[in-house]
Amino acid sequence: MTRTRKLVFMALLTAVELTIWVIEGQFPAPIPVPGVKLGLASVVTLTAMAVLGRREAGAILLARVLLGALFAGSFSAVIFSLAGGALSWCVMSALVGLFPEKLLWVVSVFGAIGHNLGQLLAAVAVTGTPGLFWYGPALLTAAILTGAFTGLGSMYLVRALRAYEHRRS
Amino acid sequence: MKRKTLFWIVLFALLAAGGAAAACLHGGGTVAVITVDGREWDRVDLSAVAVGYETTVETDLGWNTIRVEPGSIAVIDADCPGHDCVEQGAITDGAIPIVCLPHRLVIQIEGP
């Protein structure tokens, strides 16, 4: 992939991730539980990590968080996005090389657990209420379910992208 | 189905079930504890509430109007930007807390 092609592709992925994130935020959560949502935007982050690399995925994620702040318009939302995103990126970066692409969804589950842990830590820090850690097990369950779902999404998207590249070349 | 795939599916299923079970176990209790910025603001035994009432928690950060009913508690109005705490509705057990991040307000239900 040439530099220009890569840059365009990254910009496209950023736009896709931001759009998904904003649209998902407009829907009321199916289960009104604080901090729990499907997190469809993470499909793009993990796909970028598998297809382009860790640094590229991190850049796209950071761009989405900062641009998302303009749309969300609240400071605490940015802190949360950042805490969850950073930890999830670290976890997925460490694991993505260890699993075959068939098990990409496993990386996604660990990433989702990292994401929810990051948000829980941020929530405890912001509210100064360590009692919130009681909420950890419920967030773990939510992370496993949502992470597996978005991970399967990434896996099929990566497959489709590889098939497309293959046909093109 | 490869053995490795099966291994991860079983592991995650067990973890998810364990998390749900732990959340349910902690779900008992009837005492709602309202915490603002890490300090306990109020403590209400919901099983002892006979008639519902409203109370407003106001700090420098903003206000939240809390509706207390026999057996349940909810934030019904607030001047925070997101309104997540209001949309969540009433809680009746300790499985899930109400959190208003901008106002650093937490409502949890604990054992007596």
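Residues numbered from 1 in each chain as written. Chains lettered and ligands numbered in written order. Predicted model: local features only at pLDDT ≥ 70, side-chain atom pairs only at ≥ 80, totals over all residues. Heavy atoms only, no water.

Structural notes on the overall build of chain A
If you tally the helices and strands in chain A, you get six helices and zero strands. Since a compact globule built from 169 residues should have a radius of gyration of about 15 Å, the 16 Å found for chain A is in line with a globular shape. When its C-alpha atoms are laid out on the principal axes, chain A stretches across 55 × 35 × 25 Å. Within chain A, the fraction of its 169 residues that count as buried is 46%. For chain A, contacts bridging at least 24 residues in sequence account for 73% of all contacts bridging at least 6. Carbon and sulfur atoms provide 73% of the accessible area of chain A, an area that totals close to 8600 Å². (Helix = DSSP H or I, 4+ residues; strand = E, 2+ residues; numbered from the N terminus. Rg over C-alpha atoms; globule rule 2.2 N^0.38 Å. Buried < 20%, exposed > 50% of the residue type's maximum accessible area, 1.4 Å probe, protein only. Contact = heavy atoms within 4.5 Å. Areas by Shrake-Rupley, 256 points an atom, 1.4 Å probe, with all protein chains shown as cover.)

Notes on the pattern of salt bridges
For the structure on display, the rule yields nine salt bridges over all chains. In this structure, R5 of chain A and E165 of chain A form a salt bridge, with 2.8 Å as the shortest nitrogen-oxygen distance. A residue pair is termed long-range when its members are at least 10 positions apart, and R5 of chain A in helix α1 (residues 3-26) and E165 of chain A in helix α6 (residues 136-168) qualify at 160 residues. For E165 of chain A, a relative accessible area of 32% gives the class partly exposed. Here E69 of chain B makes a salt bridge to R67 of chain B, at a shortest N to O gap of 2.8 Å. R67 of chain B gets classed as partly exposed once you look at its relative accessible area, which sits at 24%. Beyond isolated ion pairs, a larger network of salt bridges with shared partners links E40, R43 and E110 of chain B. (Salt bridge = Lys/Arg side-chain N within 4 Å of Asp/Glu carboxyl O.)

Description of the confidence of the model for chain B
Residues of chain B with pLDDT of at least 70 account for 98%, and the chain-wide mean is 90. As a predicted assembly, this complex carries a pTM of 0.89 together with an ipTM value of 0.85. (pLDDT = per-residue confidence, 0-100.)

A short note on the environment of W63 of chain B
All names here are of chain B. When you line up the elements, W63 lands in strand β4 (residues 62-69). The class for W63 is partly exposed, based on a relative accessible area of 27%. Residues W63 and C80, 17 residues apart in the sequence, show an inter-C-alpha distance of 7.8 Å. If sequence neighbours within four positions are ignored, W63 has contacts with T56, V57, E58, D77, A78, D79 and H103.

Considering the interface of chain B and chain A
With 28 residues of chain B in contact, the opposing surface of chain A contributes 27 residues. Broken down residue by residue, the surface that chain B buries against chain A is led by W8, F12 and L101 of chain B, which jointly contribute 26%. Joining chain B to chain A, the criterion identifies zero salt bridges. Across the contact surface, chain B and chain A share four residue pairs in polar contact (both at pLDDT 80 or more). Those elements that place two or more of their residues in the side of chain B that touches chain A are α1 (3-25) and β7 (105-110) of chain B. The biggest single contributor to the side of chain B that touches chain A is α1 of chain B, with 11 residues. Residues belonging to the side of chain B that touches chain A are distributed by class as follows: 16 nonpolar, seven polar and five charged. (Buried area = accessible area lost by both parts, 1.4 Å probe. Polar contact = N/O pair within 3.5 Å; in protein donor to acceptor, adjacent residues only side chain to side chain. Nonpolar A, V, L, I, M, F, W, Y, C, P; charged D, E, K, R; others polar.)

Details of the packing of aromatic side chains
Considering all chains together, one arrives at six aromatic pairs over all chains under this definition. Between F110 of chain A and W8 of chain B, the ring centres sit 5.6 Å apart and the planes meet at 90°, which makes this aromatic pair edge-to-face. In this pair, F110 of chain A is assigned in helix α5 (residues 104-127) and W8 of chain B in helix α1, connecting two distinct chains. Residue class for W8 of chain B comes out buried when judged on its relative accessible area of 14%. A ring pair is formed by F110 of chain A and F12 of chain B, whose centres lie 5.4 Å apart and whose planes are at 70°; its orientation type is edge-to-face. Note that F110 of chain A is positioned in helix α5 and F12 of chain B in helix α1, a pairing that runs across two chains. A relative accessible area of 24% places F110 of chain A in the partly exposed class. Through successive ring pairs, a cluster of aromatic residues spans F99, W105 and F110 of chain A together with F7, W8 and F12 of chain B. (Phe/Tyr/Trp six-rings, centres within 6.5 Å; stacked < 30°, edge-to-face > 60°.)

Some remarks on the packing of α6 of chain A against α1 of chain B
Working note: a packed helix pair is described by the angle between its axes plus the distance between those axes. Interhelical geometry of α6 of chain A versus α1 of chain B gives an angle of 145° and a closest axis separation of 7 Å. As for the relative orientation of α6 of chain A and α1 of chain B, their crossing is left-handed in sense. For the pair formed by α6 of chain A and α1 of chain B, the contact residues are P137, A138, L140, T141 and I144 of chain A on the first element and F12, L15, A16, G19, A20, A22 and A23 of chain B on the second. Of the residues belonging to the contact of α6 of chain A with α1 of chain B, the class tally is 10 nonpolar, two polar and no charged. (Axes fitted to C-alpha atoms, helices over the stretch in contact; angles between N-to-C directions. Left-handed = near helix turned anticlockwise from the far one by under 90°.)

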